[in-house]
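# Observations on chain architecture
Spelled out, the chains give:
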Amino acid sequence: MDNLNQDLTSLLRRAGLDNSGGEWGSRILLVAGIVLICYLAVKLFRHLVIPALQRISAQTRTMWDDHLFDDKVLHAACRLIPPVLLYLLLPLAFGDDPSLLKLLHKGCSIYLIVVTIALLNTFLSALYDISNKHETLRDRPLKGIYQMLKLVTVSVGIVLIIGILIDRNATSILAGLGASAAVLMLIFKDSILGLVAGVQLSANDMLRPGDWITMSKYGADGYVIEVTLTTVKVQNFDKTITTIPPYALVSDSFQNWRGMRECGGRRIKRSVFIDARTIRRCTPEETARLRETGYLAADTSQEIVNLQALREYLANYLRNCPDVRSDLMLMVRTLQPTSEGVPLEFYCFTRHFEWIPYEAFQSALTDRVLTLLPEFGLQAFQRPAGTDLHERH
């Protein structure tokens, strides 16, 4: 080190520069040289190593390496070069000043920890992008887990930086933090609960981005657009956004309509109330007319109740309707008679599970049932209005 300083001092004198500052002139040149080396190493990595790695990854058939060797990850890795080189080369300039060298090494260590945290967070973001494009992991709510990993990375980095500043081992700092664990748990309560809930939601496949869920307690009725560490965002059908804590989806009950989409059918369960006074046996003339119009099969018994004939016709109509899933449960039945009349319920699954087509088909089916009632000598029940009473008088 002394020989290097003497050479630099003689070089300054030959150049006609005053070295009144003692060894600081040579140190400045050494520091400038170290900075230049760091700059050239970064440029070399960015313009030679990074393009070479990206060309190699582009030639492979897999896609995950394209995300790991993209510009963000490699540029974040490139930031590790300056603190490492500074840490190794600074003793050349400040080897004879241990106190200053120790201070500079602390700065380099803190710098290295910061850029390492940035690299790990960028790497986790790349892993999240890879999982989003994976066929199996695409629909899993993994964003909260990656956010928790980033939070842990930053927390460990902060502990290491504090340890460097106060000259203490990181384990002793963590041991000291253990005494205040209750306070930390209170501060990070939502994050801890969100992490546990996110793992449960993912492991049990309870929720995926894009699912249609209904949770009346929080006024949520729409599609899940984002699942994070502390919130689940649901865009309702009125375009409002409802925010739900992830742990509420585990502790409380909610309705997920994903099964309806996966099976390809949405249930229709609707009743029409029949006036009990119009239910009777069909006359031979009515039976013959219903056979001619196709409402009754040719082998139908002569003694048939008009409501039974309507049930059989509707069941046969639904089984042959192209908009109805005939392979799923399908039935037309009468329920317990009430003071409002006899409920005639049709129960089936339509292929239209989107809201507007579903409501259109359900309304058309109800209209068909109501218009068929007179053909079978039946009437729908409804409570009398004031105009009905006035007409009777």
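Figured I'd write up the structure that's included with this text. All of these numbers come straight from a predicted model, not from anything done at the bench.

What follows covers the overall build of the protein chain. Summing up its helical and strand segments, the protein chain has 16 helices and eight strands in all. When each of the 393 residues of the protein chain is scored for burial, the buried share is 34%. Sequence separation of at least 24 residues holds for 62% of the intrachain contacts in the protein chain that already meet a minimum separation of 6.

Attention now moves to the pairing of strand 4 (residues 241-244). Alternating positions in strand 4 separate cleanly, Thr242 and Ile244 being buried on one face and Ile241 and Thr243 remaining unburied on the opposite face. Between strand 3 (residues 232-236) and strand 4, which follow one another and run antiparallel, lie four residues, and lysine 239 among them has a positive phi close to 70 degrees.

The next thing to look at is the sheet that holds strand 8 (residues 342-350). Sheet strands line up and pair through hydrogen bonds in the backbone, either parallel or antiparallel. Spatially, the three strands line up as an open sheet ordered 6-8-7, and their pairing is antiparallel. Looking along the sheet, the strands with just one partner apiece sit at the ends: strand 6 (266-274) and strand 7 (331-334). When strand polarity is set aside, the average angle formed by the axes of neighbouring strands in this sheet is 15 degrees. The sheet contact formed by strand 7 and strand 8 spans four bridges and is antiparallel. Bridge pairing links arginine 333 to glutamate 345 in strand 8. Docked against the sheet, helix 15 (residues 355-372) engages strand 6 and strand 8, running at close to 30 degrees with respect to strand 6.

Further remarks concern the packing of aromatic side chains. Counted by the stated rule, this structure contains 10 aromatic pairs. On the basis of an interplanar angle of 80 degrees and a centroid distance of 5.6 Å, the ring pair of tyrosine 223 and phenylalanine 237 is categorised as edge-to-face. In this pair, tyrosine 223 sits in strand 2 (residues 220-227) while phenylalanine 237 sits in the loop between strand 3 and strand 4, placing the two residues 14 residues apart along the sequence. A residue is classified by how much of its surface remains accessible, and phenylalanine 237, at 30% relative accessible area, is partly exposed. With 5.0 Å between their ring centres and 85 degrees between their planes, tyrosine 295 and tyrosine 313 make a pair best called edge-to-face. Placement of the pair is tyrosine 295 in the loop between helix 13 (284-292) and helix 14 (306-320) and tyrosine 313 in helix 14, with a sequence separation of 18 residues. The pair formed by tyrosine 295 and tyrosine 313 is uniform in burial state, with each residue classed as buried.

Right, let's get into the environment of tyrosine 295. Residue classification places tyrosine 295 among the buried positions, given a relative accessible area of 19%. Measuring from C-alpha to C-alpha, the distance between tyrosine 295 and tyrosine 317 comes to 9.5 Å, with 22 residues separating the pair along the chain.

Now for the pairing of strand 8. Within strand 8, nine of the nine residues are buried, leaving the element largely enclosed by the surrounding structure. Of the two faces of strand 8, the one holding Val342, Leu344, Phe346, Cys348 and Thr350 and the one holding Pro343, Glu345, Tyr347 and Phe349 are both buried throughout. Here strand 6 pairs with strand 8 via nine bridges, running antiparallel. Within strand 8, the residue paired with lysine 269 across the bridge is tyrosine 347.

What follows is about the pattern of salt bridges. Summed over all chains, the structure comprises 10 salt bridges. A salt bridge links lysine 217 to aspartate 252; the shortest N-O distance between them is 3.1 Å. With lysine 217 in the loop between strand 1 (212-215) and strand 2 and aspartate 252 in the loop between helix 11 (246-251) and strand 5 (255-256), the pair connects residues that are 35 residues apart, well separated along the chain. Assessed through its relative accessible area of 26%, aspartate 252 is described here as partly exposed. For arginine 277, the salt bridge is made with aspartate 275, and the minimal N-O distance between the two is 3.0 Å. The exposure class assigned to arginine 277 is exposed, which follows from its relative accessible area of 73%. The exposure class of aspartate 275 is buried, given its relative accessible area of 8%.

Turning next to the sheet that holds strand 1. Strand order in this open sheet of five strands is 4-3-2-1-5, and the pairing throughout is antiparallel. One side of each edge strand has no neighbouring strand; the edge strands of this open sheet are strand 4 and strand 5. As judged from the two bridges shared by strand 1 and strand 5, these two strands associate in the antiparallel manner. Bridge pairing links threonine 214 to glutamine 255 in strand 5.

Time to look at helix 5 (residues 81-94). With 14 residues, helix 5 should reach 20 Å at 1.5 Å per residue; the first-to-last C-alpha distance of 20 Å fits that figure. Along its length, helix 5 shows its largest kink, about 35 degrees, at leucine 88, and proline proline 91 lies within four residues downstream of that point. Among the residues making up helix 5, those that are buried are Ile81, Pro82, Pro83, Leu90, Ala93 and Phe94.

This paragraph deals with unusual backbone geometry. For lysine 239, which is not glycine, the phi dihedral falls at a positive 70 degrees. Its place among the elements puts lysine 239 in the loop between strand 3 and strand 4.

Their axes nearest at 12 Å, the elements helix 14 and helix 15 cross at an angle of 150 degrees. Here helix 14 lies roughly antiparallel to helix 15, going by the angle between them. For the crossing formed where helix 14 meets helix 15, the hand is right-handed. When helix 14 is examined against helix 15, the residues Leu310, Tyr313, Leu314, Tyr317 and Leu318 are found in contact with a partner set consisting of Leu365, Arg368, Val369 and Leu372. Here the contact of helix 14 with helix 15 is composed, by residue class, of eight nonpolar, no polar and one charged.

Cut-offs used in this document
Residues numbered from 1 in each chain as written. Predicted model: local features only at pLDDT ≥ 70, side-chain atom pairs only at ≥ 80, totals over all residues. Heavy atoms only, no water. Helix = DSSP H or I, 4+ residues; strand = E, 2+ residues; numbered from the N terminus. Buried < 20%, exposed > 50% of the residue type's maximum accessible area, 1.4 Å probe, protein only. Contact = heavy atoms within 4.5 Å. Pairing = 2+ DSSP bridges. Axes fitted to C-alpha atoms, helices over the stretch in contact; angles between N-to-C directions. Phe/Tyr/Trp six-rings, centres within 6.5 Å; stacked < 30°, edge-to-face > 60°. Salt bridge = Lys/Arg side-chain N within 4 Å of Asp/Glu carboxyl O. Expected span 1.5 Å × (residues − 1). Bend = angle between axes of the 7 residues up to and from the residue. Parallel < 35°, antiparallel > 145°, perpendicular 65-115°, else oblique. Left-handed = near helix turned anticlockwise from the far one by under 90°. Nonpolar A, V, L, I, M, F, W, Y, C, P; charged D, E, K, R; others polar.

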